There are 2 protein chains.
Amino acid sequence: MNVNQYGKVDQEVVQKLEEILGSQFVATDHEKMEPYSHDEIADEKYAHMPDVVVKPETAQQIADIVKLANEKKIPVTPRGAGSGLSGGAVPIYGGILLSVERMNHIIEIDTENMMVVVEPGVVTNEINEKLKDYGLFFAGYPMSLETCYVGGNVAENAGGGKAVKYGVTERYIMGLEFVTPTGEIINVGGKLIKDVTGYNLRMLMVGSEGTLGIITKVIIKLLPVPKAQVDLLALFPDVQTAISVVPKIMTEGGVIPTAIEFMDKLSVHTSCEYLNESLPYQQAGAMLLITVDGSDEQIVERDYDTIGNLCMDNGAQEVYVADNYTTSERLWSVRRNIAEAFKVVSPHQSLEDIVVPIGQIPALMPEIARISEKYGMQIPCYGHAGDGNLHATPIKNPNDSMDEWNRKLPLALEELYRATLKLGGTLSGEHGIGHKRKKYMPIVKTEAELEFMRRIKRAVDPNNIMNPGKIFDV
Amino acid sequence: MNVNQYGKVDQEVVQKLEEILGSQFVATDHEKMEPYSHDEIADEKYAHMPDVVVKPETAQQIADIVKLANEKKIPVTPRGAGSGLSGGAVPIYGGILLSVERMNHIIEIDTENMMVVVEPGVVTNEINEKLKDYGLFFAGYPMSLETCYVGGNVAENAGGGKAVKYGVTERYIMGLEFVTPTGEIINVGGKLIKDVTGYNLRMLMVGSEGTLGIITKVIIKLLPVPKAQVDLLALFPDVQTAISVVPKIMTEGGVIPTAIEFMDKLSVHTSCEYLNESLPYQQAGAMLLITVDGSDEQIVERDYDTIGNLCMDNGAQEVYVADNYTTSERLWSVRRNIAEAFKVVSPHQSLEDIVVPIGQIPALMPEIARISEKYGMQIPCYGHAGDGNLHATPIKNPNDSMDEWNRKLPLALEELYRATLKLGGTLSGEHGIGHKRKKYMPIVKTEAELEFMRRIKRAVDPNNIMNPGKIFDV
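Residues numbered from 1 in each chain as written. Chains lettered and ligands numbered in written order. Predicted model: local features only at pLDDT ≥ 70, side-chain atom pairs only at ≥ 80, totals over all residues. Heavy atoms only, no water.

(A) Expanded view of the relation of the copies chain B and chain A. Rotating chain B by 180° and translating it 0.0 Å along the rotation axis places it on chain A, where the RMSD comes to 0.0 Å. What the superposition gives is, in effect, a two-fold axis relating one chain to the other. The residues that chain B uses at the interface reappear at the interface of chain A in 100% of cases, marking a shared surface. (Least-squares fit on C-alpha atoms with pLDDT ≥ 70 in both. Contact = heavy atoms within 4.5 Å.)

Spelled out as structure tokens, the structure:
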């Protein structure tokens, strides 16, 4: 559907929205709407203003809004915290921006079934804060846990720092309530470990980036908090030596760690300088940050010994152990602040999250170096090496003009994606497609697969009003 | 689509199938087709003869068959080993029965990425047999692993004995190749731990019971084989005492065992008599069979001590420990043979697999007892208590006529399903809907949810030829 074919948000529509929500939860002035026009992508070209911002409180209100939107053919873009990195929550055709920020209640903590029931606007970290007293935790959270919303995590199938051992968001989503693109309220799944009654609409919704409906309630499975946890920081002379150890930890070492994070020299240096961190990072050409946890201290000790020795035997210069919260936080802070630090260096960058089979990570690194050299731009690389998921991040060469950067970046990205595909990988491991990567989908997906997805989208969203223009064009 | 609206398998169709496959892989005589007319449901009313049985060897052949079927509007029913329990592989409108039995190759064992690539006709147990030398295993298998095919496991999202700790089939399916209902070959996922490029078609296919396409290749994630494993058999005076311990093992005990299987008195007695087993089952009113495994013997020992003590503190009469293969096999044999044993007692039974939140299992048991009494039929109960998934199995009262049984059973089932729903549960945890439970779907699913599923089905299978009449009517 062309943008011109959508209906307009006129005074009548605004009035109807106000009738549904109350006028204080409907905003149309520029200043109030501006924060809802972009997500965490620095590049302004991915931003777009909505025509109206609405803040519903209930699934029924959302259903009413969606029914109105269908009647008037107005796009509806659902939005969590806006911490996304693919433009998924940006209303690229204007229309109604639907923020779930007021739906921020933890509805139930069910210790007997080890589940929690939450609204989509709950800040992810708040769940684990609230659960501290119960000895339980939600293991599927992403790195942005302190700002992101659970609803966004589900919509994007967010990955996180603990995915090597614990998997990503999808593994913990046992039930969902959502409003369909035609305005029905549906509950799928429940507090059930197993459920094969019909199609797995839960998993279809997870990661569908708000294009198939708006999530209004989430049932999350919890795990007992591990009793012991240790972080290792291993320094290596170069990228290749560091990355080659990653698959060995799991195969030769026989240990599935909680996390294996990789940082190349440029990433470590940039973050450490940004944080004024005094870690001995100068000597290292690359680092691995490895977490091991478990229900028993002795086993955790045995496991980190195994990993530490494996690193040293395979070319590590040094291995530091952090077995208390303060030191652990310090190490993880370096990793968590890389993206922020690079934003300070240059707003002109493209944070990518390509993913390859773990065994292919060593083969991916020279490809990234080759593309970096070919296009004369730095491509620092860091991320979740234990999942094969790497944040290769092309950065504008200060010597290049903006025109030159805008010409070169798509070429470099296409080459990066093709190299990834050749190694059995794909575009995105956790950030999603949104509208940022939409045009690259045909590189990794056949027309038959794209058409299979489009058919589903068209079938459940006949007017193409639900977050249109994301993932693919209908 | 009415059965009368489907095209006929005439001489021309058979000839075209022979051209695609070679005549030795196309069967039309009654005797050869009869084994393909039913699955493991004992009741003959769920059986139906196909018009032709085909045995393709490649995805391309399947694509050609499906294209032909669309052209002629002939139903295609895909079939694995026929070990299903909901009629999912039964060609209820006749047409083409497509068996994947010749697609039985393990294509690749990739130890570096800890994945295995297999064809759909591989017997599930064969995978773990082949992996023995590599210290890896596929953890998502069902109880019927010695006969079932992987393709069927995926189509049904089969559950299994280890689901408490390891989850069900879906957790291990990283990639799929399948032929769509319109005859395209699509590859989704890969040897990737994370992948958010578009809709999760992998998880939509898993559990879709062959109604959205035919699986032709499966990429399975493996885990390191646990170094230690112990089984506990705990005897309890009655059902309620046994079942009340189940949620406590995970909450109070803080242990996530590999399996917690429940067997009531009637189930244990029937199976032990069938096996001529000398276990001290006479005194017990119910049993829990609990498995603990892990990478460390000491931890496993600690965990089974915790569980053993918890059982004794909560009313167990006796706890037996099996820490070697022979004893362990003996205990599990009792559990595995219950269904078989009941078939010998009476072919007139309905093997159910209702599922409730774990914390609600104690509340479910009196409901089952009430329904059993009300309808005057025994309902032995056993199954995967640790997942809340129970095989309550109504059995024909020998004093009832067949007419009486056929009148009473649907009423008893409906009441069982409604009781399950009331406790937050649903129809089926692992056996699927097929055509056996189709008519009961509106009890647990709203019209909006059913319509959401139907829209997807119609969108990708416009002629409704792919395993029609299963899960719901289009």
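(B) Quick look at the interface of chain B and chain A. In this complex, chain B contributes 79 residues to the contact, which on the side of chain A involves 79 residues. On the surface where chain B and chain A come into contact, there are six salt bridges. Of the charged contacts in the structure, one is a salt bridge between Lys194 of chain B and Glu430 of chain A, with a shortest N-O distance of 2.8 Å. For the pair chain B and chain A, the number of links is 24 residue pairs in polar contact (both at pLDDT 80 or more). Looking at the side of chain B that touches chain A, the elements with two or more residues in it are β9 (185-189), α7 (201-205), α8 (239-251), α10 (297-313) and α16 (447-460) of chain B. Looking at the side of chain B that touches chain A, the element that brings in the most residues is α16 of chain B, giving nine residues. (Salt bridge = Lys/Arg side-chain N within 4 Å of Asp/Glu carboxyl O. Polar contact = N/O pair within 3.5 Å; in protein donor to acceptor, adjacent residues only side chain to side chain. Helix = DSSP H or I, 4+ residues; strand = E, 2+ residues; numbered from the N terminus.)

(C) Summary view of a nonpolar patch on the surface. Judged by side-chain polarity, Tyr274, Leu275 and Val344 of chain A come together as a nonpolar surface patch covering roughly 260 Å² of accessible area. Relative to the helices and strands, Leu275 of chain A resides in helix α9 (residues 265-275). (Patch = residues over 30% accessible without salt bridge, like charges linked within 9 Å, V, L, I, M, F, W, Y side chains within 5 Å. Areas by Shrake-Rupley, 256 points an atom, 1.4 Å probe, with all protein chains shown as cover.)

(D) Quick look at helix α10 (residues 297-313) of chain A. Taking 1.5 Å of rise per residue, the 17 residues of α10 of chain A would be expected to cover 24 Å, and the 24 Å separating its terminal C-alpha atoms lies within 8% of that figure. What α10 of chain A keeps buried is the set Ile299, Val300, Asp303, Tyr304, Ile307, Gly308, Leu310 and Cys311 of chain A. Taken around the axis of α10 of chain A, the buried residues stretch over an arc of 170°, which confines them to a single face. Facing away from the buried surface of α10 of chain A by more than 90 degrees, the exposed residues are Gln298 and Asp313 of chain A. Elements in contact with the buried residues of α10 of chain A: β12 (228-236), α8 (239-251), β14 (286-294) and β15 (318-322) of chain A together with α10 of chain B. Where α10 of chain A starts, the residue carrying a side-chain oxygen 2.9 Å from the main-chain nitrogen of Gln298 of chain A turns out to be Asp296 of chain A. At the exit of α10 of chain A stands Gly315 of chain A, carrying a positive phi of roughly 100°. (Expected span 1.5 Å × (residues − 1). Buried < 20%, exposed > 50% of the residue type's maximum accessible area, 1.4 Å probe, protein only. Arc of directions from axis to C-beta.)

(E) Looking closely at the packing of aromatic side chains. One pass over the structure, following the stated rule, counts twelve aromatic pairs over all chains. Seen from their ring centres, Tyr199 of chain A and Phe472 of chain B are 5.5 Å apart, and the 80° between their planes marks the pair as edge-to-face. Of this pair, Tyr199 of chain A sits in the loop between β9 (185-189) and α7 (201-205) while Phe472 of chain B sits in the segment after α16, on two different chains. Assessed through its relative accessible area of 6%, Phe472 of chain B is described here as buried. Sitting above the plane of the Phe25 of chain A ring, Arg102 of chain A keeps its charged end 3.2 Å from the centroid. (Phe/Tyr/Trp six-rings, centres within 6.5 Å; stacked < 30°, edge-to-face > 60°. Lys NZ or Arg CZ within 6 Å of the ring centre and 35° of its normal.)

(F) Representation of the pattern of salt bridges within the structure. Per the stated rule, a full pass over the model turns up 68 salt bridges over all chains. Here Glu449 of chain B and Lys445 of chain B are joined by a salt bridge, their closest N and O atoms 3.1 Å apart. Given the relative accessible area of 2%, Glu449 of chain B is considered buried. The structure contains a network of salt bridges with shared partners spanning Glu447, Glu451, Arg454, Arg455 and Arg458 of chain A.

(G) Molecular detail of the nonpolar core. Core analysis: the largest hydrophobic core is formed by 188 residues, its most contacted members being Ile220, Phe262 and Leu288 of chain A together with Ile220, Phe262 and Leu288 of chain B. Sequence-distant contacts of Leu288 of chain B, defined by excluding residues within four places in its chain, comprise Leu232, Leu233, Ala234, Phe236, Ala242, Val245, Val246, Ile260, Glu261 and Phe262 of chain B. (Core = buried A, V, L, I, M, F, W, Y, C linked by side-chain atoms within 4.5 Å.)

(H) Molecular detail of the domain arrangement of chain A. Residues and elements named next belong to chain A. Domain parsing of chain A yields domain 1 (3-101), domain 2 (106-224), domain 3 (228-340) and domain 4 (347-444). Between the C-alpha centres of domain 1 and domain 2 the distance comes to 23 Å. Between domain 1 and domain 2, the contact holds 18 residues from the first and 18 residues from the second. When domain 1 packs against domain 2, the two sides together hide about 1300 Å² of surface, and 67% of this comes from carbon and sulfur. Along the contact surface separating domain 1 from domain 2 lie zero salt bridges. Its residues assigned to classes, the side of domain 1 that touches domain 2 shows nine nonpolar, six polar and three charged. (Domains from an automatic or database assignment. Buried area = accessible area lost by both parts, 1.4 Å probe. Nonpolar A, V, L, I, M, F, W, Y, C, P; charged D, E, K, R; others polar.)

(I) Region of interest: the confidence of the model for chain A. Averaged over every residue, the pLDDT of chain A is 94; the share at 70 or more is 99%. Scored by ipTM, the complex comes to 0.95, with pTM at 0.96. (pLDDT = per-residue confidence, 0-100.)

(J) Looking closely at the packing of helix α1 (residues 11-21) of chain B against helix α3 (residues 59-72) of chain B. Residue and element names in this part refer to chain B. Where α1 meets α3, the closest approach of the two axes is 10 Å, and the angle between their N-to-C directions is 165°. Comparing their axes, α3 and α1 come out roughly antiparallel. Crossing hand, α1 versus α3: right-handed. Between α1 and α3, the contacting residues are Glu12, Val13, Lys16, Leu17, Ile20 and Leu21 on the first element and Gln61, Asp64, Ile65, Leu68, Glu71 and Lys72 on the second. A per-class count over the contact of α1 with α3 returns six nonpolar, one polar and five charged. (Axes fitted to C-alpha atoms, helices over the stretch in contact; angles between N-to-C directions. Parallel < 35°, antiparallel > 145°, perpendicular 65-115°, else oblique. Left-handed = near helix turned anticlockwise from the far one by under 90°.)

(K) Geometry of the sheet that holds β15 of chain A. All names here are of chain A. Strand order across the open sheet formed by seven strands is β15-β12-β14-β13-β17-β18-β16, with antiparallel pairing between neighbours. Every interior strand has two partners, whereas the edge strands, β15 and β16 (354-355), have only one. Across the sheet, α8 touches β12, β13 (259-264) and β14, and the angle it forms with β13 is around 170°. (Pairing = 2+ DSSP bridges.)

(L) Summary view of the packing of α8 of chain A against helix α13 (residues 361-375) of chain A. All names here are of chain A. Two elements in contact, α8 and α13, have axes whose closest approach is 8 Å; the angle formed by their N-to-C orientations is 155°. If you check the angle between α8 and α13, you find them roughly antiparallel. For the element pair α8 and α13, the recorded crossing hand is right-handed. Each of Val239, Gln240, Ile243, Ser244 and Val246 in α8 lies in contact with α13, whose residues at this interface are Ile361, Pro362, Met365 and Pro366. Among the residues forming the contact of α8 with α13, the class breakdown is seven nonpolar, two polar and no charged.

(M) Expanded view of a negative patch on the surface. Residues and elements named next belong to chain A. Where like charges cluster on the molecular surface, the negative patch consists of Glu297, Glu301, Asp305 and Asp323. In this structure, Asp323 sits in the loop between β15 and α11 (325-336). With relative accessibility at 54%, the residue Asp323 sits in the exposed group. (Lys, Arg positive; Asp, Glu negative; His and termini not counted. Charge placed at Lys NZ, Arg CZ, Asp CG, Glu CD.)

(N) Spotlight on the pairing of strand β14 (residues 286-294) of chain B. Residue and element names in this part refer to chain B. Buried residues dominate β14, accounting for nine of its nine residues. Of the two faces of β14, both are covered, the one formed by Ala286, Leu288, Ile290, Val292 and Gly294 as well as the one formed by Met287, Leu289, Thr291 and Asp293. Across six bridges, strand β13 (residues 259-264) lies against β14 in antiparallel orientation. The partner of Ala259 across the bridge, within β14, is Thr291.

(O) View of the environment of His384 of chain B. Secondary-structure assignment places His384 of chain B in strand β17 (residues 381-384). Residue classification places His384 of chain B among the buried residues on the basis of a relative accessible area of 1%. Considered as a pair, His384 of chain B and Val26 of chain B are 358 residues apart in the sequence and their alpha carbons are 40 Å apart. Here His384 of chain B is in contact with Lys194 of chain A together with Met143, Gly160, Gly161, Ile260, Glu261, Arg335, Asn389, His391 and Glu430 of chain B, once residues within four sequence places are set aside. In terms of polar contacts, His384 of chain B uses its side chain to reach the side chain of Glu261 of chain B, at 2.6 Å.

(P) Expanded view of the sheet that holds strand β3 (residues 76-79) of chain A. Residue and element names in this part refer to chain A. On the basis of which strands lie adjacent, the open sheet formed by four strands has the order β1-β2-β4-β3 and mixed pairing. On the outer flanks of this sheet lie β1 (26-27) and β3, each paired with one strand and no other. With four bridges connecting them, β3 and strand β4 (residues 96-99) associate as parallel partners. Bridging from a neighbouring strand, Pro78 pairs with Leu98 of β4.

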